[in-house]
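Working through the structure, step by step
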Amino acid sequence: MWLFCLCWLPWLAQAAEYRAGPENYRELLPTLQAGDRLRLNAGDYSRGLPVHGLTGTAIQPILIEGADRRAPPRFIARPGANTISLLDVRYVVIRHLELDGRNLPVDAVKAEGHGRYADFVTLENLHIHDHAASQQNVGISTKCPAFGWVVRNNLIERVGTGMYFGDSDGSDPFFASLVEGNRIVDPLGYGIQIKHQH
């Protein structure tokens, strides 16, 4: 047993921790591997958070988080792009961020409809606000098959719809997930919808 554990220690040690700010975080994003942690400094981030093609593992997820919970990085919405865009990802954790929509017609967090999957995504302690250009603008949305999510302890306020999981026609199922401890305040429409599935 001890020999097995010692053999695996070098493999576990390959994960890296990065510290970044608004000027260089986009360059680091596509390089993240299983077990890596990207810690973001306080400040205003105006180029979004495209989390595309990243794959962690159950033992070593990829972590993207605010470096200081007392001063979370603020991601400011920009026209024509969802603030956090998820595309073909597995085992990714995103936490301790502020997402300021400025009432632009975009979503705060979206598993994009042209993606094939977004599985085992954890969203924790996000402050999502002012994504309320219309009821169609959502705090957290999935538009591709998604399972194994954990959506926990997020504050979502002044949005069109708080959370919208799945698609209106029953395609793109959202299932086998945990949604708990979230607070949704003052949406234009629904607080949360989990759509039917084929």
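Here, every reference points to the structure presented above.
Residues numbered from 1 in each chain as written. Predicted model: local features only at pLDDT ≥ 70, side-chain atom pairs only at ≥ 80, totals over all residues. Heavy atoms only, no water.

**Some details on the sheet that holds strand β6 (residues 74-76)**
Sheet strands associate in pairs through backbone hydrogen bonding, adopting either a parallel or an antiparallel arrangement. As a reminder of what qualifies: Two strands qualify as a pair provided DSSP detects at least 2 bridges between them. Helix and strand assignments come from DSSP, with helices taken as H or I runs of at least 4 residues and strands as E runs of at least 2, each series counted from the N terminus.
Taken in spatial order, the six strands make up an open sheet running β3-β6-β9-β12-β16-β20, and their pairing is parallel. Each edge of the sheet is formed by a strand with only one pairing partner; in this case those strands are β3 (44-45) and β20 (183-185). Strand direction decides the pairing type here: strand β12 (residues 127-131) and strand β16 (residues 155-159), joined by four bridges, are parallel. Bridge assignment links His127 to a residue of β16, and that residue is Leu155.

**Observations concerning the sheet that holds strand β19 (residues 178-180)**
Definition in use: The angle between two axes is taken between their N-to-C directions and runs from 0 to 180 degrees, where each axis is a line fitted to C-alpha atoms and a helix contributes only its stretch in contact.
Taken together, seven strands build an open sheet; the order of strands is β1-β2-β5-β8-β11-β15-β19 and the sheet is parallel. Pairing within the sheet leaves two strands with one partner each, and these edge strands are β1 (17-20) and β19. Sheet twist, expressed as the average angle between the axes of neighbouring strands with direction ignored, equals 10°. Across four bridges, strand β2 (residues 37-40) lies against strand β5 (residues 62-66) in parallel orientation. Residue pairing in the sheet places Arg39 in a bridge with Glu65 of β5.

**Concerning the pairing of strand β17 (residues 161-165)**
The condition is simple: Accessible area is worked out with a 1.4 Å probe on protein chains only. A residue is then buried under 20% of its type maximum, exposed over 50%, and partly exposed in between.
Most of β17 sits out of view: five of its five residues are buried. Here strand β13 (residues 138-142) runs beside β17; their pairing, made up of three bridges, is parallel. In the strand pairing of β17, Val138 is matched with Thr161.

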